[in-house]
Amino acid sequence: MSDTLQVSSTLRPTPQRRTQSVRNHPATARSHGAEDAAVPGELVHRPRPEDVLITSWQRLGEGHFSLTGQWPHDHRYFAPSHGRHHLVLAGETIRQAGLLLSHSELGVPVGHHFILSDLVYTTHPEHTVSGSGPTPLIIDVRCSDTRMRAGALAGSRFDMTIRTGGRLIATGYSHVSVTSPGVYRRIRGERLTARSPQGPLNPPVPPELTGSATDREVLLSPTGRPDRWLLRIAPGHPTVVNPANDHVPGLALLDAALQAGRALLAPDRFVPFAFGTEFRRYAEHGTPCVIEARRIAPALPGTTTVEVIGAQDGEPVFTSTLTALDPSR
């Protein structure tokens, strides 16, 4: 098997060791053989240790790194379902790996802000969960189109391959830009202090429609149309919502897109393995976010593709493309 899982031209997934210490942070990752040890949460922007997916890292060469990680088996949000890992896990792994390397290897101080312009990945459609413990990962990362400013990363593309037990289970990439706190304050202005509203929450669609376990995990509220919903996020959701965020986090938008695809075509018939998202602007707190889903022509025979668009005030916030094998295959 090649290092790229070929899926769709729409998604376009790509293609002696020493322990590295963490710059700008007093803590370090544990030994590279200890795959049950997580890196410091602030290096992957995750305050809860159970949400940290990366366990260690090594520099292999210029712009080339190897990381270890794990996908949890009993996480209350990311737990496997129907023998498969949560589709968003691969995207969150790519995001965390890029953040870790930016801080630990590419000179970005903790406290700087990251702007993710896209997140595109493909998982192996036949990969299933085995055993009763976490799934260990080996993550190969290559940086390209890298821009440095004053010795720190200003932007880069991160291409990754994710393996377990020697088998390739996901490939993907993301483009990241970095801004200082001062620049971020100027960009965000008065919205810098915005926080998730604590008022009444819109009702959820039935959990079985989105493949969710409980109402609390449902990110869609009905609008009276089968292809349109309003984004809803239960207050205090520990994984999707960071109370310090001044905007709706990308993880919430990814999962909302996944839920919209399931709600459009039924969760037992639409099981995506490829996921590409382009982020256009920040999703703001306190402004209704309309989520719409529609089937589009697939790039490959034997697949079903759904496009999901989120918008606020009539302007697109994100566009996601999800691809699944046809259930009749």
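Residues numbered from 1 in each chain as written. Predicted model: local features only at pLDDT ≥ 70, side-chain atom pairs only at ≥ 80, totals over all residues. Heavy atoms only, no water.

**A short note on the pairing of strand 7 (residues 220-225)**
Pairing analysis gives four bridges linking strand 7 to strand 8 (residues 228-231), with the strands arranged antiparallel. Along strand 8, the bridge assignment pairs Pro222 with Trp229. (Pairing = 2+ DSSP bridges. Helix = DSSP H or I, 4+ residues; strand = E, 2+ residues; numbered from the N terminus.)

**Quick look at the sheet that holds strand 10 (residues 290-296)**
Taken in spatial order, the 12 strands line up as 1-2-4-5-6-3-9-12-11-10-8-7 in an open sheet, and their pairing is antiparallel. A single partner strand is all that each edge strand has here, and the edge strands are strand 1 (54-61) and strand 7. For this sheet, the mean angle separating the axes of adjacent strands, direction not counted, is 25°. Bridging between strand 4 (residues 135-149) and strand 5 (residues 152-164) involves 10 bridges; their strand directions are antiparallel. Each bridged residue has a counterpart across the sheet, and for Asp140 the counterpart in strand 5 is Thr161. Lying on the sheet, helix 1 (residues 88-104) is in contact with strand 1, strand 2 (64-71), strand 3 (113-123), strand 4, strand 5, strand 6 (167-179) and strand 9 (272-279); it crosses strand 3 at an angle near 140°. Contacts between helix 2 (residues 181-188) and the sheet are confined to strand 3 and strand 6, with strand 6 contributing the most and set at about 80° to the helix. (Axes fitted to C-alpha atoms, helices over the stretch in contact; angles between N-to-C directions. Contact = heavy atoms within 4.5 Å.)

**Details of the nonpolar core**
One broad trend across soluble globular proteins is that nonpolar side chains are buried collectively. With 71 residues, the main nonpolar core has Leu67, Leu231, Phe275, Ile291 and Val308 as its most contacted residues. In terms of residue count, helix 4 (residues 250-265) provides more of this core than any other element does, 10 residues in total. Not counting residues up to four positions away in its chain, the partners in contact with Leu67 are Ile54, Ser56, Trp57, Ala97, Leu100, Leu101, Leu137, Ile138, Ile139 and Val141. (Core = buried A, V, L, I, M, F, W, Y, C linked by side-chain atoms within 4.5 Å. Buried < 20%, exposed > 50% of the residue type's maximum accessible area, 1.4 Å probe, protein only.)

**A closer look at helix 1**
Here helix 1 is 17 residues long and its end C-alpha atoms lie 24 Å apart, about the 24 Å a rise of 1.5 Å per residue gives. Counting buried positions over the 17 residues of helix 1 gives 16, a clear majority of the element. (Expected span 1.5 Å × (residues − 1).)

**Looking at the confidence of the model for the chain**
Confidence in the prediction of the chain, expressed as mean pLDDT, is 87, and 86% of residues score 70 or more. Note on residues 6-35: pLDDT is under 50 here. Beyond four places in sequence and across chains, it has 87 contacts. (pLDDT = per-residue confidence, 0-100.)

**A few points about the pairing of strand 4**
Of the strand pairs in this sheet, strand 2 and strand 4 are connected by eight bridges, and their pairing is antiparallel. Opposite Gln70, over in strand 4, you have Pro136 as the bridge partner. Counting the residues that bridge the hairpin from strand 4 to strand 5 gives two residues, and of these Ala150 lies at a positive phi of roughly 55°.

**Section: helix 2**
Turning to helix 2, its buried residues number three or more, namely Gly182, Tyr184 and Arg188. Within helix 2, the buried residues cover an arc of 160° as seen down the axis, which keeps them to one side. In the stretch just after helix 2, Gly189 is the one whose phi turns positive, near 60°. (Arc of directions from axis to C-beta.)

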